[in-house]
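Residues per chain are reported as follows:
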Amino acid sequence: MLRSLLLHLDDHPSAPARVDAAIRLARRFDAHLVGLSAVGRIPTSLGFGTGSLLGPALDGLREAARHRAQAFAAQCRAAGLVSVETVLAATDAREALVSHAHCSDLVLLSQATDGDERALVEEVVLQSARPTLIWPHSGAPATLGERVLVGWNDSPESARALTDALPLLCRAQQVVVMQCDTPLDATPTEPARQRLEALRRWLMWHGVEAEVRLEASPIDVGHELLCRAADLGADLLVMGAWGRPRWAERVLGGATRTLLNGMTLPVLMSH
């Protein structure tokens, strides 16, 4: 079950939609919702300036963090959510989120729009002991977890993501698990089909009726998953993150990188 949700509060344009989604998710699972607003660190450019600039800069960061927390609490009250908590963290957002995630079931972030945000998302997904639900900055569906596409490659990361997503999968109307092999002329093997059938049975034992698919594609796995999610009308994609070293994905490309950059629906990732 999802009993405690950790929501990152920031000034991202999609923040109101993410807060609304978190409220709906908390209500759906009768879960406690924690909004974390990090003060952060003073920009490096000011760190080498005169001391007279540091005090006002830090005061501004603290005031912005308090404002985010107050806006979150007000939105929760307006929605009638009762079990709510706000946390003002004096540390960097990445450090605070990873630490507080240890006492949460799910972390909610927004898709990155710049380098700093991308570093935050990557660090939380990699270092957090909990799954991360990443909200797209545009085009997000009105529902969450009704039609779910699971990207599967039989790796430890994909197995963990599938397990982490079970509370959502058990309540979904439709679940499709897809293993996508490239290139197009790749021939799906019988052992792979047998593994997918075993996975389907495992999900059935947990109360999830899923359809499993083993397919070949002319395009890379990340873009194929996005295309199939659109075809399915999915409102959630579940996948393991960084099945190979992160530096290799940056150099060679990879499904995780593709999804983080081009997601059009919420993505639950686990590493």
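This one's a predicted model, so the numbers in the text were calculated from it and none came from an experiment.

**Let's talk about helix 5 (residues 115-127)**
Given a rise of 1.5 Å per residue, 13 residues ought to cover 18 Å, and the 18 Å separating the end C-alpha atoms of helix 5 matches this to within 8%. For helix 5, the set of buried residues is Leu120, Val121, Glu122, Val124, Val125 and Leu126. Among the residues of helix 5, the N-terminal cap falls to Asp114, whose side-chain oxygen and the backbone nitrogen of Glu117 are separated by 2.8 Å.

**Some thoughts on the packing of aromatic side chains**
Inspection of every chain in the model, using the stated rule, returns zero aromatic pairs. Its end group placed over the ring of Phe29, Arg171 keeps NZ or CZ at 4.3 Å from the ring centre.

**A short note on the nonpolar core**
One broad rule of soluble globular proteins: the nonpolar side chains tend to lie buried together. Formed by 43 residues in total, the largest nonpolar core has its most connected members in Leu5, Leu25, Leu33, Leu169 and Val177. At seven residues, helix 1 (residues 15-29) tops the list of elements feeding residues into this core. Aside from chain neighbours lying at most four places away, what touches Leu5 is Ala22, Leu25, Ala26, Ala31, His32, Leu33, Val34, Leu106 and Leu108.

**Notes on the packing of helix 9 (residues 221-232) against helix 11 (residues 255-262)**
One way to put it is that helix 9 packs onto helix 11 with a least axis distance of 7 Å and a crossing angle of 50°. Between helix 9 and helix 11, the angle is such that the two are oblique. Note on element contacts: helix 11 touches helix 9 through Ala255, Thr258, Leu259 and Gly262, opposite Val221, Gly222, His223 and Leu226.

**Regarding the sheet that holds strand 8 (residues 210-216)**
If you walk across this open sheet you meet the 10 strands as 3-2-1-4-5-10-9-6-7-8, and the pairing is mixed. Strands at the two margins of the open sheet, each flanked by one partner only, are strand 3 (84-89) and strand 8. The sheet shows a mean angle of 25° between the axes of neighbouring strands, direction not considered. Two elements, strand 2 (residues 32-38) and strand 3, share six bridges in a ladder whose sense is parallel. When the bridges of strand 3 are listed, Ser37 appears paired with Leu88.

**Remarks on unusual backbone geometry**
Backbone geometry places Asp30, a non-glycine residue, at a positive phi of 55°. The residue Asp30 is located in the loop between helix 1 and strand 2 in this model.

**Some details on empty space enclosed by the protein**
Evaluation of the coordinates by the stated rule reveals one cavity of 30 Å³ or more. Its volume calculated, the largest cavity comes out at about 40 Å³. Put simply, the parts of the chain that give the lining of the largest cavity at least two residues each are helix 5 and helix 11. Considering each element in turn, the lining of the largest cavity owes the most residues, three residues, to helix 5. Residues that form the lining of the largest cavity fall into these classes: three nonpolar, one polar and two charged.

**Observations concerning helix 1**
The terminal C-alpha atoms of helix 1 lie 21 Å apart, and with 15 residues this matches the ideal 21 Å at 1.5 Å per residue to within 8%. Burial in helix 1 covers these residues: Ala15, Arg18, Val19, Ala21, Ala22, Ile23, Leu25, Ala26 and Phe29. Asp30 sits one or two positions beyond helix 1 and adopts a positive phi of about 55°.

What counts as what
- Residues numbered from 1 in each chain as written.
- Predicted model: local features only at pLDDT ≥ 70, side-chain atom pairs only at ≥ 80, totals over all residues.
- Heavy atoms only, no water.
- Helix = DSSP H or I, 4+ residues; strand = E, 2+ residues; numbered from the N terminus.
- Expected span 1.5 Å × (residues − 1).
- Buried < 20%, exposed > 50% of the residue type's maximum accessible area, 1.4 Å probe, protein only.
- Polar contact = N/O pair within 3.5 Å; in protein donor to acceptor, adjacent residues only side chain to side chain.
- Phe/Tyr/Trp six-rings, centres within 6.5 Å; stacked < 30°, edge-to-face > 60°.
- Lys NZ or Arg CZ within 6 Å of the ring centre and 35° of its normal.
- Core = buried A, V, L, I, M, F, W, Y, C linked by side-chain atoms within 4.5 Å.
- Contact = heavy atoms within 4.5 Å.
- Axes fitted to C-alpha atoms, helices over the stretch in contact; angles between N-to-C directions.
- Parallel < 35°, antiparallel > 145°, perpendicular 65-115°, else oblique.
- Pairing = 2+ DSSP bridges.
- 1 Å grid on protein atoms, 1.4 Å probe; cavity = no way out; pocket = protein on both sides within 12 Å on 5 of 7 lines; lining within 4 Å.
- Points joined across faces, edges and corners; volume = space filled by probe spheres on them.
- Nonpolar A, V, L, I, M, F, W, Y, C, P; charged D, E, K, R; others polar.

So far we have only geometry, and geometry alone does not tell us how the molecule works.
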